[in-house]
Amino acid sequence: MLMNTLVASYENERRHAPDSIHALLDYYQMKYISQKIDLLVYKEIYRFLYKEGAVSSHDQFHRV
């Protein structure tokens, strides 16, 4: 999945651009938790965004 596809989906649903790559990761985590995307899709998105430097807000909380 390409970055512009991920961003377009975010913008379509949220009606604004994501603030950061971290916001994209949080958005797709929410979609997975609410069962709007399946595990395999989520894993693919997570790996891609993680390689791009995304950090989940949940990870940041636990590192403090």
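Some points on the overall build of the protein
Of regular secondary structure, the protein possesses 4 helices and 0 strands. Over its C-alpha trace the protein gives a radius of gyration of 11 Å, about what one expects of a compact globule, namely 11 Å for 64 residues. By principal-axis analysis of the C-alpha atoms, the protein measures approximately 35 × 25 × 20 Å. Taken over 64 residues, the protein has a buried fraction of 25%. A fraction of 41% describes how many contacts in the protein between residues 6 or more apart in sequence connect residues 24 or more apart. Summing over all exposed atoms, the protein offers an accessible surface of approximately 4,600 Å²; the carbon and sulfur share of this is 55%.

Details of the packing of helix H2 (residues 21-33) against helix H3 (residues 39-51)
Axes are the key here: two packed helices are described by the angle between their axes and the distance separating the axes. For the pair H2 and H3, interaxial distance at closest approach is 10 Å and the crossing angle is 170°. Classified by the angle between their axes, H2 and H3 sit roughly antiparallel to one another. Contact residues: H2 offers Ile21, Leu24, Leu25, Tyr28, Gln29 and Tyr32, while H3 offers Leu39, Tyr42, Ile45, Tyr46 and Leu49. Across the contact of H2 with H3, the residue classes tally to 10 nonpolar, 1 polar and no charged.

Quick notes on the environment of Tyr42
Relative to the helices and strands, Tyr42 resides in helix H3. Look at Tyr42 and you get buried, because its relative accessible area is 14%. When the C-alpha atoms of Tyr42 and Leu25 are compared, they prove to be 9.6 Å apart, with 17 residues separating the residues in sequence. The residues touching Tyr42, leaving out its near neighbours within four places in the chain, are Tyr28, Gln29, Tyr32 and Ile37. Side-chain polar atoms of Tyr42 contact the side chain of Gln29, separated by 3.2 Å.

Conventions adopted
Residues numbered from 1 in each chain as written. Predicted model: local features only at pLDDT ≥ 70, side-chain atom pairs only at ≥ 80, totals over all residues. Heavy atoms only, no water. Helix = DSSP H or I, 4+ residues; strand = E, 2+ residues; numbered from the N terminus. Rg over C-alpha atoms; globule rule 2.2 N^0.38 Å. Buried < 20%, exposed > 50% of the residue type's maximum accessible area, 1.4 Å probe, protein only. Contact = heavy atoms within 4.5 Å. Areas by Shrake-Rupley, 256 points an atom, 1.4 Å probe, with all protein chains shown as cover. Axes fitted to C-alpha atoms, helices over the stretch in contact; angles between N-to-C directions. Parallel < 35°, antiparallel > 145°, perpendicular 65-115°, else oblique. Nonpolar A, V, L, I, M, F, W, Y, C, P; charged D, E, K, R; others polar. Polar contact = N/O pair within 3.5 Å; in protein donor to acceptor, adjacent residues only side chain to side chain.

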